[in-house]
Every structure is written in structure tokens, then in C-alpha cells.
Amino acid sequence: MPCVSEPTVRTGDPIADLLQGGAARTVAEAEEAYLDAHLDDVIALVGSSLSDEEFRAHPLIALLLARGSRPWEDSTG
Amino acid sequence: MGRLDGLSPESRLVQIVAAFRATRVECLVLGGHAVRFYGVSRNTIDYDLVVSLSAEDWARLGDIVGSLPFGRAPVEGPSWRPADFRRFTIGQLPDGRDERLEFWRKNHLLAPFADLSDRRCEGSYGGGTLAFLGLSDLLRSKETERESDWLDITLLEEIHDEHALRAGRIDDLRSRRGFERAAEAGLLTQPAALQAWSRAEHPVSLAYLQPYVGAASATPTTTGALAELLSGPLRAVDPGSARHLALVEAVRRLHKRQAMEADRADKRAASRRT
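Residues numbered from 1 in each chain as written. Chains lettered and ligands numbered in written order. Predicted model: local features only at pLDDT ≥ 70, side-chain atom pairs only at ≥ 80, totals over all residues.

**Observations concerning the domain arrangement of chain B**
Residue and element names in this part refer to chain B.
- Domains assigned within chain B are domain 1 (9-137) and domain 2 (147-261).
- Computed over C-alpha atoms, the centres of domain 1 and domain 2 are 32 Å apart.
- Facing six residues of domain 1, the contacting portion of domain 2 comprises seven residues.
- Of the residues assigned to the side of domain 1 that touches domain 2, the class counts are four nonpolar, two polar and no charged. (Domains from an automatic or database assignment. Contact = placed C-beta atoms within 7 Å. Nonpolar A, V, L, I, M, F, W, Y, C, P; charged D, E, K, R; others polar.)

Written out as C-alpha cells, the structure is:
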């Protein structure tokens, strides 16, 4: 019986892999799981030599900030 | 007092609270109706109250609820911690779901009733005046194992920060929106941040303030990974930078994870006691 948490084909996109493997039911759930599992990588990136622009554009950081507390311009009312 | 059926849920809540106060039971509204009171638009089918009752009076809560003029006799439901929490089905919604009245006497997320009462917020709701948990206490009460409570927290934090900033307070900032408004208003100077730091308690608030105070701040009272972030990387990043905001979100996630685990542990302990 195949393991539901391991996709048989990897897509190269960790969020898609979590969905395809059945580890998450929705994109939001997959993104949350991915971020929670990679906080150490976030901290490592904070200490890296990336420029501010590169740091902000890194997929993990972009996802973290997009799913975190909303910035002023995204807020309602 | 008339019957409590045929009213909107908000008006029904007003009548329920009035009926309780008439029996000299002090209570504060929490849960979904409190979330709605503070401005978050969301549905709720439960009435949640925290009550000030001795163990003896808590034991006769069923009699008190039974004396209220609901459309049908309330039915007490199961509770995994009957010494602290009791729930009653008091009616049925048009879609067939049960309408529930739930009572907390205490739990690990609620301060003693006298403190909650001191910090309560009274306001218009459902055509009457009700006393709700203060916003900080409501936020704390939502730090449970349930994801849906954390969605409420996300929205309530923005409202909480609006209130705090109107009062010129930066010691309890919780949202990025509040943080950015505080920065834009020039409230985050180092002297102000230092003062705020000495009063701040919540890890997210400490994380927003930390880069402004740097090494001048005392060692945080938090422990483990949170303390390491606060006394390490957060002292070194530029205030308001993407690195700062990323670390705040890391702190938020770590705090949520710890709070969810603490709530699960509390529920397990309560279940073992019953």
C-alpha cells in the first residue's frame, strides 16, 4: 500500500508535493505546514549574506511574510 | 421577563445575561459574541460566559439555567471538565444545529474573575449593554489548540493594536499593521521602546520592540527557542527591515506552537482528573 505522505512523483514545488502526497488538504494547510517545518531555515537566512532585496525575494521568506500578520496596505478598514 | 425564544441571537444573549444578573450571578461574555462585539464579522451559534461562582453555586448552575424562560427546557451536555466548564443546549437553530449556552468557571487561559472584571469592556450589543472580556483577555482566551481560534486572534490583534495606538501604547503590539502604524507615527523611538519593553509580556510584542532597544534590553523572561531569538538575532537586525519582520513571524509561529501544546496538555490533565 503506498504511503500517503510521500508523493510518488515529486513536482519540485514543496507545497504541491505536500498536497499531492496527502499531507495537506488545502494550499493554505500545506503552506502552514511547510513554514512551521522550516523556521530554522528562516533564521539561517536572516543571518545570511543576502542583500535585503534578495532576502525579501527568497521563496521561503516571501511565503512567510505573505502568510504572516498583514501589512497595512493589505488590511481592511 | 418574557420568553427568550423568537429573538435575534444578540438580543437573546442580552436577555440571558440579564436573567443571570437577576440571580446575582456575575458574568462576562467571551467567545464568538465577544469577537463580534470587537468588530470581527463572523458567525457564532454558542453563547459563552465566564461566571463568578463558588463551587457550591457552580454545582447548582443547572437549576439556575433551568429557571430561565427558554422556549424549551435546557439539556445539559457532556463536559470533559465539569468542575470548570458546563454546557447546555437551549434550543435549535433553523438549520437544525443545537444552540448552546456554555459556562467557564476557570481555565488556564483565564485570569481570576476579579481581574477579568476589572479589565472588562462594557458596550452596546443586541439592543442592550453587556460586559465583555477585555480585548487582551479575550486574545489570551483564544490561545487554544483550535486553529479557528487563531484565525480570530489574527483579526482581533489588528483591532487590539488600533485601540492601543489610540491610547499611545506600544508595549503590547501584536500585528504588523499596528507595528507599521506605530513606526509611521514616530512612536518607536529608542527611549519609548525601552520603556515599552519593560512592560511588554507577549513574545510577539517583545519581538517587535527588540531591535529598537538592542543590547540595552534586559534578558527576556521567555525561555527556549523564543528567548534565543529575542536575545540573539532580533538584537542584531535593523528595526522594521524584512529580516526583523521575518523574525517576528518566526516568533509568532513558535509562540502559537507552544500555546497549542500547552492547551492540549491542559485538556489532557483535565480529562485525567475527571
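**A look at the domain arrangement of chain A**
- What the domain assignment reports for chain A is domain 1 (1-37) and domain 2 (38-70).
- Each partner contributes to the interface: domain 1 of chain A provides six residues, whereas domain 2 of chain A provides five residues.

**A word on the pairing of strand β5 (residues 98-104) of chain B**
Residues and elements named next belong to chain B.
- In this structure, strand β2 (residues 46-52) lies alongside β5, joined through five bridges in parallel fashion. Bridge pairing links D46 to R100 in β5.
- The antiparallel hairpin formed by strand β4 (residues 85-92) and β5 contains five residues in its connecting segment, where G96 sits at a positive phi of about 95°. (Pairing = 2+ DSSP bridges. Helix = DSSP H or I, 4+ residues; strand = E, 2+ residues; numbered from the N terminus.)

**Side note on helix α1 (residues 9-22) of chain B**
Residue and element names in this part refer to chain B.
- Between its first and last C-alpha, α1 extends 20 Å over 14 residues, near the 20 Å set by a 1.5 Å rise per residue.
- Buried within α1 we find R12, L13, V14, Q15, I16, V17 and F20.
- Of the surrounding elements, those touching the buried residues of α1 are β1 (26-30), α2 (31-37), β2, β5, β6 (121-125) and β7 (128-132). (Expected span 1.5 Å × (residues − 1). Buried ≥ 20, exposed ≤ 12 C-beta atoms within 10 Å, placed from the backbone.)

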